[in-house]
Amino acid sequence: MSKSLNDKVALVAGGTRGAGRGIAVQLGAEGATVYVTGRTTASKPSEMNRPETIEETAALVDQAGGKGIAVQVDHLVPEEVRSLVARIEQEQGRLHILVNDIWGATTMEWNKTVWESSLEIGLRTMRLGVDTHAITSHLALPLLIKTSGGLVVEMTDGTNEYNSQNYRVSFFYDLAKAAVNRMAFSLAHELKQYNATAVALSPGWLRSEAMLDAYRVQESNWKDATKISPHFAISESPAFVGRAVAALAKDPNRSRWNGKTVSSGELSKVYGFTDLDGSKPDAWRYMVEVQDPGKPADTTGYR
C-alpha cells in the first residue's frame, strides 16, 4: 500500500503517551519519519511517573509503517530543543510537520480561583503548557520554513467557540489553553508567507492511558466505564485525533484551516476518517447539546 507521507519528516513534541502517541502512530501509518520526544525513557521516568516511554511510541510508529525516532527532550530547556532541531536537520535536512503536544502536568487544581490556587502549581502549569510550545516553535520553525507548505499543529483542549463561553477547570488551566489557541492564530499570520499552515487542534474526551487507568478499563472494554460516567460514551481513542493530524498533513488545501481552532470531530466530517470502531465522535457538539445542559447520556447522532 502506498504511503502518502512517505517523504515527510515530522516532530511530535510530547509524544510519549495520549494524543501525542496517537498522532505519531497515525503519521507513521502514512509512512512519515517521526521524531518522538518526551522526558520518559525506558531508563528514566519523568515527574509524570507513568510507564509509557518514547521508545515504545517510536516502536509503534515503526509497526504502523513509518520510521520512529525517540529522542529524550525536556522542552523547557532551550538547549535540549536546539540540539534536537540540529539533529533533525543533520539527519533529514528538513522538517515538514511540527506537532506541539507538550504538557506533562502532574497536579491539577480543579475549580479553584486564582487566589485559592497554589501559585507554585499554577505557574508550573503555565510553564509546561505555554512556555514549552513557545520554546519549541522558536527553535524548530526556522527549519520548517525552509520547505514550503509546512504544517504546525498546536494541541489544545477545547475550541475557541467553546472555551470563550465556558470556564475551563481553573484560572491557570483556562489561561494556558487560551494561550495555545492564540498561538495558532499568531503563527498562522507569521507562517503565511512561507505557504505554511498553523492550526490549534482539540481532541474530545480522550481515552488516554491515564484516563483508562482511572476508570480501570482498557481500550478493548472502555464502554464499561460508562457505568461510572455515562457521558464517557462520547469518548474517543488517541488514534482519532491522530487521524485528524494525518488528514491535515495529506490535504494540499489545508491552508483553509490556517489560524483556526478545530476539533477531531469537526475534521472527521470533512475528511471522512473514523475512530478505531468506525464511528465519528463529535464530542464538543455533544458537550454543548447534551452534557452541559444536564441531559441523560445519549450519543445518538453524535458518533
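Here the residue numbering is sequential within each chain, running from 1 through the sequence in written order. Only residues with pLDDT of 70 or above have their local features reported here, since the model is predicted, and side-chain atom pairs are shown and tallied only from 80 upward, although totals for entire chains, interfaces and linings are computed over all residues. Side-chain measures here rest on the full set of heavy atoms in the structure, leaving out hydrogens and waters.

So what exactly am I meant to see when it comes to the pattern of salt bridges here?
Each reported salt bridge corresponds to a side-chain nitrogen of Lys or Arg within 4 Å of a carboxyl oxygen of Asp or Glu. What the rule picks out here adds up to 18 salt bridges. For Glu30, the salt bridge is made with Lys250, and the minimal N-O distance between the two is 3.2 Å. With Glu30 in the loop between helix H1 (18-29) and strand S2 (33-38) and Lys250 in helix H8 (residues 238-250), this residue pair connects regions lying 220 residues apart in the sequence. Taking relative accessible area as the criterion, Lys250 reaches 39% and is therefore assigned partly exposed. A run of H or I in DSSP becomes a helix once it reaches four residues, and a run of E becomes a strand once it reaches two; helices and strands are each numbered from the N terminus. Accessibility here uses a 1.4 Å probe with only protein chains present; expressed as a share of the type maximum, an area under 20% marks a residue as buried, one over 50% as exposed, and anything in between as partly exposed.

Sorry, what's going on with the nonpolar core here?
It is characteristic of soluble globular proteins that their nonpolar side chains tend to be buried jointly. Here, nonpolar core refers to any group of buried Ala, Val, Leu, Ile, Met, Phe, Trp, Tyr and Cys residues whose side-chain atoms link them within 4.5 Å. Core analysis: the biggest nonpolar cluster contains 32 residues, and Leu27, Val34 and Leu201 have the highest contact counts within it. Elements supplying a minimum of two residues to this core: strand S1 (9-13), H1, S2, helix H2 (54-64), strand S4 (97-100), strand S5 (151-155), strand S6 (197-202) and H8. Ranked by the residues each element gives to this core, the list is headed by H8, at 8 residues. Val9, Ile135, Ala140 and Leu141 belong to the second-largest nonpolar core, a separate cluster that totals 24 residues.

Sorry, what's going on with the pairing of strand S3 (residues 67-72) here?
Consecutive residues of a regular strand have side chains that alternate between opposite faces of the sheet. Here, any two strands with at least 2 DSSP bridges between them count as paired. Examined bridge by bridge, S2 and S3 share 6 bridges and lie parallel to one another. Pairing of Val34 across the sheet is with Gly68, part of S3. Orient the strands so they point away from the viewer; a crossover is then right-handed if the path from the first strand over the helix to the second runs clockwise. Handedness of the S2-H2-S3 crossover: right-handed.

Any chance you could explain helix H10 (residues 283-291) here in plain terms?
Every α-helix carries 3.6 residues per turn, so stepping three or four residues along brings you back to the same face. For H10, the complete set of buried residues consists of Ala283, Trp284, Tyr286, Met287 and Val290. Buried residues along H10 cover an arc of 160° about the axis, so they all sit on one side. Directions are taken from the helix axis to each C-beta atom, and the arc is the one they span.

So, to be careful, I would describe these as geometric facts and stop short of saying anything about function.
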